[in-house]
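# Chains, contacts and geometry: an overview
Chain by chain, the residues:
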Amino acid sequence: VQLVTALQRSRLGQLTLDLTRKLQKPSHQSGSWGGMAMFQNQRVAPQSPKRKAVYENFAANLNDMLQCGLDAGAGIILNTVAVNLHDSPPFASLPDETLPPERRKRFAELFQTARNAQETKDWTNAADLFGQALEIDGGFAEAHYRHAMCLEQLGQRDAARQHYQDACDTDALPFRTDSRENTLIREAAARHAQDKLLLVDAPGALAKDLPAGLCGQESFYEHVHFTFAGSYQLGRAWAQAVAQMLAKADSQQTTNDWATQYSCERRLGLTDWNRKLVIQSVRQRLQVPPLNSQFNNLERQQRLAAYENFLLSLLTETSAKEARAMFAEALAARPEDHHILEAQAVFLQASGDLPGAIQQWRKVGELLPHDFLPWFQIGSIMAKQNDFSESETYLRRAIALRPGLVEGWSELGQCLGARSDWPPALV
């Protein structure tokens, strides 16, 4: 990453990189993102030296960024990273292959017997058996997580919290920030300790009022993506840190209370229509690897399905009028806020006002001409209205901005097929 960045500082480097890209085989598949499933076969054992390299690079890059900001005179809010420890089981567990065969066999027996005890809610016996199994192989992530569940049921919350963290730290598909990385963040903050850098304990801020003392489903939909409540809590923690930093430079103190979550959501244009679409998106993610392999996936799906049904019950003509009024109020305050315009476009699209949605997406596109999304949305909506000629124009514009947009190529193919323009449609 640093090499590419350095090359881009010179015209010769820019030319070299540009030629490299042009020489690559052209394909609308190139650069396409396959999501977390791309890493299914890239599992990393807890004791792998690859992890050490990651930590070293992370620490070096973080140090460079902080020094760059401080040298420029900027104030820096640096926070540790919150992830879902309580309600997100590890994605993969790898046994310790260095153990003798008889020890591995014994671990497998203890682990399975412990699982059986856990399923019958024999928490004490299950906790004891998981503990014995972990004495043999302390790097098996799922054993840590299940041990934590049993300890929590027995009221041993401190021990449970440690094993929930250990489950994250030994996850063979490490999509979550682990304790070592958060330690490196704290160490970096200590090295750069001064008035212009403030460390925020994000996990602590989100979990301070939770019974388990750990972030879970109240803050995250799955392993790292925040719920609306989690976003608000983190945003408020950042705002409080900024206020604290500004107070050092300005003796004048504000007496205003912080905006409530409800107030923030109104100003951002967050309606139940928008919430429903987010829930639908999360449910789709939970249906594909590696999220669908987590042993609590069915429970998550059922909970989100129930919440989606609840939101559907709120989508009435009366609530639609209230939503329109809310957007009018939000846009009156910030008429060129592309986030609000996008949220309104999504609402109008979801509520069936397709012409209104196109109008708002056009405004988003005018503000963000380099973003593929407004043009893709306009093209998709026009295709639904059987305006295939205009739809093709906008879809091609979206694809030009993001050649790896699989949904764009698919939509374009259907659009061309609807016009019986089969040769380009098949391409």
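Notes on the structure follow. (Residues numbered from 1 in each chain as written. Predicted model: local features only at pLDDT ≥ 70, side-chain atom pairs only at ≥ 80, totals over all residues. Heavy atoms only, no water.)

Attention now moves to the overall build of the chain. Regarding its fold elements, the chain presents 20 helices and two strands. Dimensions along the principal axes, computed over C-alpha positions, put the chain at roughly 70 × 65 × 60 Å. Burial status across the chain gives 41% buried among its 427 residues. The long-range fraction of contacts in the chain, counting pairs at least 24 apart against all pairs at least 6 apart in sequence, stands at 65%. By element, 54% of the accessible surface of the chain is carried by carbon and sulfur atoms, the whole surface being about 24000 Å². Of note, the chain has its 44 positive side-chain charges centred 3 Å away from the centre of its 49 negative side-chain charges. (Helix = DSSP H or I, 4+ residues; strand = E, 2+ residues; numbered from the N terminus. Buried < 20%, exposed > 50% of the residue type's maximum accessible area, 1.4 Å probe, protein only. Contact = heavy atoms within 4.5 Å. Areas by Shrake-Rupley, 256 points an atom, 1.4 Å probe, with all protein chains shown as cover. Lys, Arg positive; Asp, Glu negative; His and termini not counted. Charge placed at Lys NZ, Arg CZ, Asp CG, Glu CD.)

Structurally, Asn 182 is set in helix H8 (residues 179–191). In this structure the side chain of Asn 182 is engaged in a polar contact, spanning 2.8 Å, whose partner is the backbone nitrogen of Val 81. Once residues lying within four places of it in the same chain are set aside, the contact partners of Asn 182 are Thr 80, Val 81 and Thr 177. (Polar contact = N/O pair within 3.5 Å; in protein donor to acceptor, adjacent residues only side chain to side chain.)

In this structure the tally under the stated criterion is 14 aromatic pairs. A centroid spacing of 5.3 Å and a plane angle of 90 degrees characterise the contact between Phe 91 and Phe 175, whose relative ring orientation is edge-to-face. Pair noted here: Phe 91 is in the loop between strand E1 (76–79) and helix H4 (101–119) and Phe 175 is in the loop between helix H7 (157–169) and H8, with a separation of 84 residues, a long-range link. According to the relative accessible area criterion, Phe 175 is partly exposed, its value standing at 25%. Centre to centre, the rings of Tyr 145 and Tyr 164 are 5.2 Å apart; their planes meet at 70 degrees, and the pair counts as edge-to-face. Within this pair, whereas Tyr 145 is found in helix H6 (residues 141–153), its partner Tyr 164 is found in helix H7, the two being separated by 19 residues in sequence. Grouping residues by exposure puts Tyr 145 and Tyr 164 together as buried. Lying over the aromatic face of Phe 295, Arg 146 brings its terminal NZ or CZ to 4.0 Å of the ring centre. The ring of Trp 375 carries Arg 397 above its face, with NZ or CZ at 3.7 Å from the centroid. (Phe/Tyr/Trp six-rings, centres within 6.5 Å; stacked < 30°, edge-to-face > 60°. Lys NZ or Arg CZ within 6 Å of the ring centre and 35° of its normal.)

Another point: the state of the cysteines. Per the stated rule, a full pass over the model turns up zero disulfides. With no disulfide of its own, Cys 168 has Cys 215 as its nearest cysteine by sulfur position, at a separation of 11 Å. (Disulfide = S-S within 2.5 Å.)

Here we come to helix H13 (residues 297–314). The first and last C-alpha atoms of H13 sit 26 Å apart over 18 residues, in line with the 26 Å expected at 1.5 Å per residue. Every buried residue of H13 is accounted for by Asn 297, Arg 300, Gln 301, Leu 304, Ala 305, Glu 308 and Leu 311. Each buried residue of H13 sits inside an arc of 130 degrees when the element is viewed along its axis, so together they form one side. Exposed residues pointing more than 90 degrees away from the buried face of H13 are listed as Leu 298, Glu 299 and Gln 302. (Expected span 1.5 Å × (residues − 1). Arc of directions from axis to C-beta.)

Counting residues in hydrophobic clusters, the biggest one holds 35 residues, and the most contacted among them are Phe 347, Trp 361, Phe 376, Ile 378, Ile 381 and Ala 398. Secondary-structure elements contributing two or more residues to this core are helix H14 (317–333), helix H15 (338–350), helix H16 (354–367), helix H17 (372–384), helix H18 (388–401) and helix H19 (406–418). Broken down by element, this core gets its largest block of residues, seven residues, from H17. (Core = buried A, V, L, I, M, F, W, Y, C linked by side-chain atoms within 4.5 Å.)

Attention now moves to the packing of H6 against H7. Direction vectors running N to C along H6 and H7 enclose 160 degrees, while the axes themselves pass 8 Å from each other. In terms of axis orientation, H6 runs roughly antiparallel to H7. Crossing geometry of H6 relative to H7 is assigned as left-handed. Here H6 contributes Ala 141, His 144, Tyr 145, His 147, Ala 148, Met 149, Leu 151 and Glu 152 to the contact with H7, which in turn contributes Ala 159, Ala 160, His 163, Tyr 164, Asp 166 and Ala 167. When grouped by side-chain class, the residues that make up the contact of H6 with H7 number nine nonpolar, three polar and two charged. (Axes fitted to C-alpha atoms, helices over the stretch in contact; angles between N-to-C directions. Parallel < 35°, antiparallel > 145°, perpendicular 65-115°, else oblique. Left-handed = near helix turned anticlockwise from the far one by under 90°. Nonpolar A, V, L, I, M, F, W, Y, C, P; charged D, E, K, R; others polar.)

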